[in-house]
Amino acid sequence: HVKVSGKSSVFCEQGFETFGKLHPRMLDCLKNKFKARKMTPVQDLVCPYLLSSSNDVVIRAPTGSGKTLAYCVPLIHKLQAKGFNPAHLDENAVQRTDGPIVLALLPTRELAIQTYQVKRNP
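About the thresholds
- Residues numbered from 1 in each chain as written.
- Predicted model: local features only at pLDDT ≥ 70, side-chain atom pairs only at ≥ 80, totals over all residues.
- Heavy atoms only, no water.
- Helix = DSSP H or I, 4+ residues; strand = E, 2+ residues; numbered from the N terminus.
- Buried < 20%, exposed > 50% of the residue type's maximum accessible area, 1.4 Å probe, protein only.
- Contact = heavy atoms within 4.5 Å.
- Areas by Shrake-Rupley, 256 points an atom, 1.4 Å probe, with all protein chains shown as cover.
- Phe/Tyr/Trp six-rings, centres within 6.5 Å; stacked < 30°, edge-to-face > 60°.
- Lys NZ or Arg CZ within 6 Å of the ring centre and 35° of its normal.
- Axes fitted to C-alpha atoms, helices over the stretch in contact; angles between N-to-C directions.
- Parallel < 35°, antiparallel > 145°, perpendicular 65-115°, else oblique.
- Left-handed = near helix turned anticlockwise from the far one by under 90°.
- Nonpolar A, V, L, I, M, F, W, Y, C, P; charged D, E, K, R; others polar.
- Polar contact = N/O pair within 3.5 Å; in protein donor to acceptor, adjacent residues only side chain to side chain.
- Arc of directions from axis to C-beta.

Visitor: Mind laying out the overall build of the protein chain, listing which residues take part and the relevant values?
Guide: Check the secondary structure of the protein chain and you find four helices and zero strands. If you list the helices and strands of the protein chain from N to C, you get α-α-α-α. For the protein chain, the proportion of its 122 residues judged to be buried stands at 28%. Here the analysis covers contacts within the protein chain between residues at least 6 apart in sequence; of these, 63% occur between residues at least 24 apart. Element-wise, carbon and sulfur atoms account for 54% of the exposed surface of the protein chain, whose accessible area totals about 9,100 Å².

Visitor: Could you give me a rundown of unusual backbone geometry, with the residues and numbers involved?
Guide: Phi angles above zero are rare outside glycine, and K35 is one such case at about 55 degrees. Within the secondary structure, K35 sits in the loop between α1 (24-32) and α2 (41-51). K35 sits in the exposed class, given a relative accessible area of 56%.

Visitor: Explain the packing of aromatic side chains residue by residue, including any values.
Guide: This model, assessed by the stated rule, comprises zero aromatic pairs. One cation-aromatic arrangement involves K33 over F34; the distance from NZ or CZ to the ring centre is 5.2 Å.

Visitor: Give me the packing of α1 against helix α3 (residues 67-81): which residues, what numbers.
Guide: Running from N to C, α1 and α3 point in directions that differ by 150 degrees, and their axes come no closer than 10 Å. What the angle tells us is that α1 and α3 run roughly antiparallel. Crossing of α1 over α3 shows right-handed handedness. Where α1 abuts α3, its residues R25, M26 and L30 lie against L69, V73, I76, H77 and Q80. Here the residues of the contact of α1 with α3 sort into five nonpolar, two polar and one charged.

Visitor: Tell me about the environment of L50, residues and numbers included.
Guide: In this fold, L50 is placed in helix α2. Exposure remark for L50: the relative accessible area of 10% places this residue in the buried category.

Visitor: Please provide a residue-by-residue account of the side chain of S65, values included.
Guide: When you line up the elements, S65 lands in the loop between α2 and α3. Among the residues examined, S65 registers a relative accessible area of 13% and is labelled buried. There is a polar contact of 2.7 Å between the side chain of S65 and the backbone oxygen of P62. Setting aside residues no more than four positions away along its own chain, S65 makes contact with T40 and V42.

Visitor: Any details on α2? Residues and values, ideally.
Guide: When α2 is considered as a whole, its buried residues turn out to be V42, Q43, V46, C47, L50 and L51. One side of α2 carries all its buried residues, which in axial view fall inside an arc of 120 degrees. Buried-residue contacts for α2 involve α3.

Nothing here speaks to function; it is geometry throughout.
Put into structure tokens, the structure is as follows:
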């Protein structure tokens, strides 16, 4: 359980490349599509944890704090690491017939639409 309070900068000093293991396509997408040059404090706390863990997580933070990318980046990274590439699937890759792999519960319809749009257009 991590609780952060008080005033903080909107962005941290480090960018997503500081993790050192994100797929190059992911880094390119973050920089060029999302213009995410630096992480928010929420992303700085959540991304490393989710990249190294398979535990569930609840992220509670204000609107605009970067929650969507905080869980989408590790999620998509893990799918890429499993070989999820619709253009070239091998026998060990994630397949649609494998069933549900991720369940994201979102509190509002607006947040669900935002998350869908972020994941749909990488």
